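If you want the building blocks of each chain, they are given just below.
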Amino acid sequence: MPGGNSAEFGFGTPATDEQIAGWDIDVSPDGHGLPVGSATAADGQATWDVWGAPFHGAEGEGTDAAPTLVGGVGSLG
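With respect to the overall build of the chain
Alright, step 1. A count of helices and strands for the chain gives three helices and zero strands.
Alright, step 2. In sequence order, the secondary structure elements of the chain are arranged as α-α-α.
Alright, step 3. The burial tally for the chain puts 9% of its 77 residues in the buried class.
Alright, step 4. If you take every contact in the chain between residues at least 6 apart in sequence, the share linking residues at least 24 apart comes to 0%.

Next up, the structure:
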């Protein structure tokens, strides 16, 4: 592999339970899975503006980079 080998990049290294727990960030519609703490809708909007909207569109309508997040049942193919 030019510029390095798979060992340098950690390819093939099994993920630890701790790593998996850090990536398990799915949240149910009822809020199950949210991290401990609190925030406001304005806090959420600021986060969406930085991390969600550039990929999914300002209203979750989808872009070339990421799928639609709005539209009802079956909208997430």
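Here the narrative resumes, following the displayed structure.
Looking at the confidence of the model for the chain
Alright, step 1. Scored by pLDDT, the chain comes out at a mean of 80, with 82% of its residues at no less than 70.
Alright, step 2. Within the chain, the lowest mean pLDDT, 65, falls on helix 1 (residues 6-9), and the highest, 90, falls on helix 3 (residues 41-56).

As for helix 3
Alright, step 1. Here helix 3 contains 16 residues, and its C-alpha end-to-end distance of 19 Å is more than 12% below the 22 Å for a straight helix at 1.5 Å per residue.
Alright, step 2. Asp-49 marks the point of greatest bend in helix 3, at about 50°.
Alright, step 3. After helix 3 finishes, the residue Gly-57 shows a positive phi value of roughly 95°.

Some words on the environment of Ala-15
Alright, step 1. Structurally, the position occupied by Ala-15 is in the loop between helix 1 and helix 2 (17-23).
Alright, step 2. In this structure Ala-15 touches Ile-20 and Trp-23, once residues within four positions along its chain are discounted.

Overview of the environment of Glu-61
Alright, step 1. Mapped onto the elements, Glu-61 comes out in the segment after helix 3.
Alright, step 2. Glu-61 gets classed as partly exposed once you look at its relative accessible area, which sits at 44%.
Alright, step 3. The spacing of Glu-61 and Gly-71 is 10 residues in sequence and 8.1 Å in space, taken between C-alpha atoms.
Alright, step 4. Non-local contacts of Glu-61, meaning those with residues more than four positions away in its chain, are made with His-56, Thr-68 and Val-70.
Alright, step 5. Among the polar contacts made by the side chain of Glu-61, one reaches the main-chain amide nitrogen of Glu-59 at a distance of 2.8 Å.

What counts, and at which threshold
Residues numbered from 1 in each chain as written. Predicted model: local features only at pLDDT ≥ 70, side-chain atom pairs only at ≥ 80, totals over all residues. Heavy atoms only, no water. Helix = DSSP H or I, 4+ residues; strand = E, 2+ residues; numbered from the N terminus. Buried < 20%, exposed > 50% of the residue type's maximum accessible area, 1.4 Å probe, protein only. Contact = heavy atoms within 4.5 Å. pLDDT = per-residue confidence, 0-100. Expected span 1.5 Å × (residues − 1). Bend = angle between axes of the 7 residues up to and from the residue. Polar contact = N/O pair within 3.5 Å; in protein donor to acceptor, adjacent residues only side chain to side chain.

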